[in-house]
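Observations on the model geometry
The lines below spell out each chain.
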Amino acid sequence: MNIKNTKRILVTGGAGFLGSHLCERLLQTGHDVLCVDNYYTGDKANLVQLLDHPRFELLRHDVTFPLYVEIDELYNLACPASPIHYQHDPVQTTKTSVHGAINMLGLAKRVKAKIFQASTSEVYGDPEVHPQPESYWGRVNPIGIRSCYDEGKRCAETLFFDYWRQHNLRIKVARIFNTYGPRMHPNDGRVVSNFIVQALRGDPITIYGDGNQTRSFCYVDDLIRGFISLMETPDDVTGPINLGNPAEFTILQLAELIIAKTGSRSQLQRQPLPQDDPRQRKPDISVAQRVLDWQPTTSLSAGLDTTIQYFDQMLSSKTARDATAG
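Just so it is clear, the structure is predicted and the values come from calculations on it, not from any experiment. Within each chain, residue numbers correspond to sequence positions counted from 1 in written order. Residues qualify for local features only when their pLDDT is at least 70, as the model is predicted, and side-chain atom pairs are given and counted only at 80 or more; totals for whole chains, interfaces and linings, by contrast, use all residues. Computation of side-chain values: all heavy atoms of the structure, hydrogens and water removed.

Attention now goes to helix H4 (residues 147-167). Counted at 1.5 Å a residue, the expected span for H4 with its 21 residues is 30 Å, and the 29 Å between its end C-alpha atoms agrees. Looking one or two places after H4, you find Asn168, whose phi comes out positive at around 55°. Here a helix means four or more residues in a row that DSSP labels H or I, a strand means two or more in a row labelled E, and each is numbered from the N terminus. For a helix, the expected span equals 1.5 Å multiplied by the number of residues minus one.

Written as structure tokens, this is what we have:
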């Protein structure tokens, strides 16, 4: 890459599932990357292959505190994104979304950087409109157990657009739908990682409710490509833009596919549906197709193959370590 085109890019939450893939992709395209993470849910192991890269820098920092660095672009991914993690300390989750957004927007304003916000399909809540377009305002419970995340992300979007209107800040807002792939946390409570780990161990696969609720699963490589495409758009493109895979599957279909791919003997075990769990989730990606010329290209079957391989290797390594320690 021409050195004149090299950018200094900050990725908050860079040691997490999505952040580590983004850091890797940005380095591959020749940029300098500063990865910031407090390791609440992120893991330095996700970055081990990058630690010796001459253009990579890693900083332990919590975005609820101000950060003073010189950058050209900022991807704000810092926030626990799975219910088991964001419900563990809901007040801190809201602080991460809101105070973190304020601090990162302040940084971007000071250095005149372009800033990207990783928002979420959870801003639509349990939707009455299907599939969900960006114009839909959502149906969110403001006082439920998921509200720390849902409302925190909604408030972050508000802040981004007010900084854009009030300070002419160059913003990009993406609403991320269910994403999966290697480096997912094995105990994050998300449906893909849950099912794969349970299937590989031969444990019962937990189905909440009747299993007919639907989700749309986007492979991580497709999503990261969408992030970068959005960041590279002209300044008048702000978003929010849905990024996800519009192929819709029931939770039962996902469980059966994973059981078949792993050859598992796991049985289905039903549990009550959690409070405010959405019945349907499917992105309308027509804006992304038109504005970014973006759409997912990885099928669920192909994406699951690499994800299952990742978890199989992880669990095998852990078993070997436990046996050695014993």
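Okay, back to it.
Remark: the centre distance and the inter-plane angle together describe each pair of aromatic rings, the angle taken between the planes. Any Phe, Tyr or Trp ring, taking Trp's six-membered ring, that has another such ring centre within 6.5 Å forms a pair; planes under 30 degrees apart are called stacked, those over 60 apart edge-to-face, and the others tilted. Across all of its chains, the model carries seven aromatic pairs by this definition. Ring geometry for Phe161 against Trp164: centres 5.8 Å apart, planes inclined by 85°, an arrangement best described as edge-to-face. Taken together, the residues span about one helical turn, with Phe161 and Trp164 both in helix H4 at a distance of three residues. Ring geometry for Tyr310 against Phe311: centres 5.3 Å apart, planes inclined by 75°, an arrangement best described as edge-to-face. Throughout this description, buried means an accessible area under 20% of the type-specific maximum (1.4 Å probe, protein chains only), exposed means over 50%, and partly exposed covers the range between. Judged by its relative accessible area of 0%, Phe311 falls in the buried class. Taken together, Tyr75, Phe116 and Phe227 form an aromatic cluster joined through their ring pairs.

The next subject is the layout of surface pockets. The volume enclosed by the second largest pocket comes to roughly 220 Å³. Considering every element that reaches the lining of the second largest pocket, the biggest residue donor is H4, with four residues. Put simply, Ala, Val, Leu, Ile, Met, Phe, Trp, Tyr, Cys and Pro go in the nonpolar bin, Asp, Glu, Lys and Arg in the charged bin, and everything else, Gly too, in the polar bin. Across the lining of the second largest pocket, the residue classes break down as six nonpolar, one polar and four charged. Using a 1 Å grid laid over the protein atoms alone, points where a 1.4 Å probe fits but cannot get out form a cavity; open sets with protein on both sides within 12 Å along at least 5 of 7 lines form a pocket; any residue with an atom within 4 Å of a point counts as lining. Grid points are joined across faces, edges and corners, and a volume is the space filled by probe spheres set on the points.

Reading across the sheet, the seven strands line up as E3-E2-E1-E4-E5-E6-E11 and stay open at both edges, with parallel pairing between neighbours. Because the sheet does not close on itself, it has two edges, and the strands there are strand E3 (56-60) and strand E11 (241-243). Sheet twist, expressed as the average angle between the axes of neighbouring strands with direction ignored, equals 20°. For two strands to be treated as a pair, DSSP must find no fewer than two bridges joining them. When strand E6 (residues 171-176) meets E11, the two strands line up parallel, connected through three bridges. Bridge assignment links Arg175 to a residue of E11, and that residue is Asn242. Residues count as neighbours in contact if any of their non-hydrogen atoms are within 4.5 Å of one another. For helices, the fitted axis covers only the stretch in contact; all axes are lines through C-alpha atoms, and the angles between them, taken along N-to-C directions, range from 0 to 180 degrees. Together, strand E1 (8-12), strand E4 (73-76) and strand E5 (114-120) form the strand contacts of helix H3 (residues 90-111), whose direction differs from that of E4 by roughly 170°. Running over the sheet, helix H6 (residues 220-231) touches E4, E5, E6 and E11 and is turned about 155° from E6.

This part takes up the side chain of His31. Tracing the backbone through its elements, the reader meets His31 in the loop between helix H1 (17-28) and strand E2 (32-37). Polar side-chain contacts of His31 include one of 3.0 Å to the backbone nitrogen of Lys7. Between N or O atoms, a polar contact is any pair within 3.5 Å; within protein, one atom must be a potential hydrogen donor and the other a potential acceptor, and residues adjacent in sequence are included only when both atoms are from side chains.

Moving on, we come to the packing of helix H5 (residues 191-201) against helix H7 (residues 251-262). One can describe the packing of H5 onto H7 by two numbers: an axis separation of 10 Å at closest approach and a directional angle of 40°. With respect to the hand of their crossing, H5 and H7 are arranged in right-handed fashion. Contacts between H5 and H7 pair Val191, Val192, Phe195, Ile196, Ala199 and Leu200 from the former with Ile251, Leu254, Ala255, Ile258 and Thr262 from the latter. A class-by-class count of the residues in the contact of H5 with H7 yields 10 nonpolar, one polar and no charged. A crossing counts as left-handed when the near helix is turned anticlockwise from the far one by less than a right angle, and as right-handed when that turn is clockwise.

Both faces of E4 are covered, namely the face carrying Glu73 and Tyr75 and the face carrying Leu74 and Asn76. Where E4 lies against E5, four bridges are found, and the strand directions are parallel. Looking at the pairing, Asn76 lines up with Gln117 of E5.

The next subject is the pattern of salt bridges. Salt bridges are defined as contacts in which a side-chain nitrogen from Lys or Arg sits within 4 Å of a carboxyl oxygen from Asp or Glu. Enumeration according to the criterion identifies 15 salt bridges in this entry. Measuring nitrogen to oxygen at the nearest pair gives 2.9 Å for the salt bridge that ties Glu73 to Lys7. With Glu73 in strand E4 and Lys7 in the segment before E1, this residue pair connects regions lying 66 residues apart in the sequence. Note that Asp32 is salt-bridged to Arg55, the shortest N-O span being 2.8 Å. Residue Asp32 is found in strand E2, and its partner Arg55 is found in the loop between E2 and E3; the two are separated by 23 residues along the sequence. With relative accessibility at 26%, the residue Asp32 sits in the partly exposed group. Through salt bridges that share partners, Lys7, Glu73 and Lys114 make up one connected network.

Right, let's get into the side chain of Ser20. Looking at the element boundaries, Ser20 is found in helix H1. Separated by 3.1 Å, the side chain of Ser20 and the backbone oxygen of Phe17 make a polar contact. The contact partners of Ser20, leaving out residues within four places of it in the chain, are Gly14, Asn46, Leu47, Leu50 and Arg183.

All right, on to the environment of Ser119 then. Within the secondary structure, Ser119 sits in strand E5. The buried category is assigned to Ser119, whose relative accessible area is 2%. C-alpha of Ser119 to C-alpha of Ile224: the two residues are 105 residues apart in sequence and 14 Å apart in space.

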